[in-house]
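# A structural walkthrough
Letter by letter, the chains look like this.
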Amino acid sequence: MTDADARDERRPAGELEAAVMAALWAAGAPLTPGLVQTELGSGLARTTVATILTRLHEKGVVSRERQGRGYAYFPVQDAPGLTARRMHSELDRDADRETVLARFVAQLSPGDEQYLRRLLEGDER
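Report follows, based on the coordinates. Predicted model only: the values in this text are computed from it and were never measured.

A word on the overall build of the protein chain. Counting its regular elements, the protein chain contains seven helices and two strands. The linear arrangement of helices and strands in the protein chain, starting from the amino end, is α-α-α-α-β-β-α-α-α. For the protein chain, the proportion of its 125 residues judged to be buried stands at 22%. Partitioning the contacts of the protein chain with sequence separation of at least 6, the portion at a separation of at least 24 is 45%.

Below is the structure:
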């Protein structure tokens, strides 16, 4: 294990995934693991970046296209779309959807509640 790999293992996986996604969104074009590593400029090992990209691909968050002997990766959705997808995933994990939704709405700020109400009534999309 290299020093870079040891540093990478101490970071939460979600933090690394978020950094990789931010690099992909900023690029606006497919990136190879090496290019993502360069964009991050944080001393991450290329193998760590490749592993994160593979995991994101398995989750359906990024897609990839063949480039040379490897792949170049690109986001499937923008940041708000990804957040909405995660919210749906969390909702799908609980058998008591009604209670989850009720508690979610009860914890919304008044402004968010009004906005959600307008969306549900079809006034904004």
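Don't stop here, the text continues.
Right, let's get into the side chain of E17. Secondary-structure assignment places E17 in helix 2 (residues 13-27). Aside from chain neighbours lying at most four places away, what touches E17 is I52, L56 and K59.

Relative orientation of the contacting elements helix 5 (residues 79-93) and helix 6 (residues 97-106) amounts to 135°, with a least axis distance of 8 Å. Classified by the angle between their axes, helix 5 and helix 6 sit oblique to one another. Mapping the contact onto sequence places M87, L91 and D92 in helix 5 and R97, V100, L101 and F104 in helix 6. Here the contact of helix 5 with helix 6 is built from residues that sort into five nonpolar, no polar and two charged.

Quick look at the packing of aromatic side chains now. Across all of its chains, the model carries one aromatic pair by this definition. The cationic tip of R64 hangs over the ring face of Y71; the distance from NZ or CZ to the ring centre is 3.9 Å. Positioned above the aromatic ring of Y71, the side-chain terminus of R66 is 4.4 Å from the ring centre.

Our next topic: a nonpolar patch on the surface. On the surface, M87, F104 and V105 cluster together into a nonpolar patch covering about 250 Å² of accessible area. Take V105: it is sitting in helix 6.

Side-chain positions along a regular strand alternate between the two faces of the sheet. Direction of pairing for strand 1 (residues 62-67) relative to strand 2 (residues 70-75): antiparallel, over a ladder of six bridges. If you follow S63 over to strand 2, its bridge partner there is F74. A loop of two residues connects strand 1 with strand 2, the two strands running antiparallel in sequence, and G68 in this loop sits at a positive phi of about 65°.

Our focus in this paragraph is empty space enclosed by the protein. Applying the stated criterion across every chain yields a total of one cavity of 30 Å³ or more. Space inside the largest cavity adds up to approximately 30 Å³. Lining the largest cavity, in full, are M21, W25, G60, V61, V76, Q77, L82 and R85. Where the lining of the largest cavity is concerned, the elements lending two or more residues are helix 2 and helix 5. Its residues assigned to classes, the lining of the largest cavity comprises five nonpolar, two polar and one charged.

What follows covers the nonpolar core. Counting residues in each nonpolar core, the largest one holds 16 residues, and the members touching the most others are V20, M21, L24, V36, L53, L56 and V62. Of all the elements in the fold, those that place two or more residues in this core are helix 2 and helix 4 (46-58). In terms of residue count, the dominant contributor to this core is helix 2 (five residues). Excluding residues within four positions of it along the chain, V36 makes contact with V20, A23, L24, L31, V49 and L53.

Here is what the cut-offs are and how they apply
- Residues numbered from 1 in each chain as written.
- Predicted model: local features only at pLDDT ≥ 70, side-chain atom pairs only at ≥ 80, totals over all residues.
- Heavy atoms only, no water.
- Helix = DSSP H or I, 4+ residues; strand = E, 2+ residues; numbered from the N terminus.
- Buried < 20%, exposed > 50% of the residue type's maximum accessible area, 1.4 Å probe, protein only.
- Contact = heavy atoms within 4.5 Å.
- Axes fitted to C-alpha atoms, helices over the stretch in contact; angles between N-to-C directions.
- Parallel < 35°, antiparallel > 145°, perpendicular 65-115°, else oblique.
- Nonpolar A, V, L, I, M, F, W, Y, C, P; charged D, E, K, R; others polar.
- Phe/Tyr/Trp six-rings, centres within 6.5 Å; stacked < 30°, edge-to-face > 60°.
- Lys NZ or Arg CZ within 6 Å of the ring centre and 35° of its normal.
- Patch = residues over 30% accessible without salt bridge, like charges linked within 9 Å, V, L, I, M, F, W, Y side chains within 5 Å.
- Areas by Shrake-Rupley, 256 points an atom, 1.4 Å probe, with all protein chains shown as cover.
- Salt bridge = Lys/Arg side-chain N within 4 Å of Asp/Glu carboxyl O.
- Pairing = 2+ DSSP bridges.
- 1 Å grid on protein atoms, 1.4 Å probe; cavity = no way out; pocket = protein on both sides within 12 Å on 5 of 7 lines; lining within 4 Å.
- Points joined across faces, edges and corners; volume = space filled by probe spheres on them.
- Core = buried A, V, L, I, M, F, W, Y, C linked by side-chain atoms within 4.5 Å.

Keep in mind that these numbers describe shape and distance, not what the molecule does.
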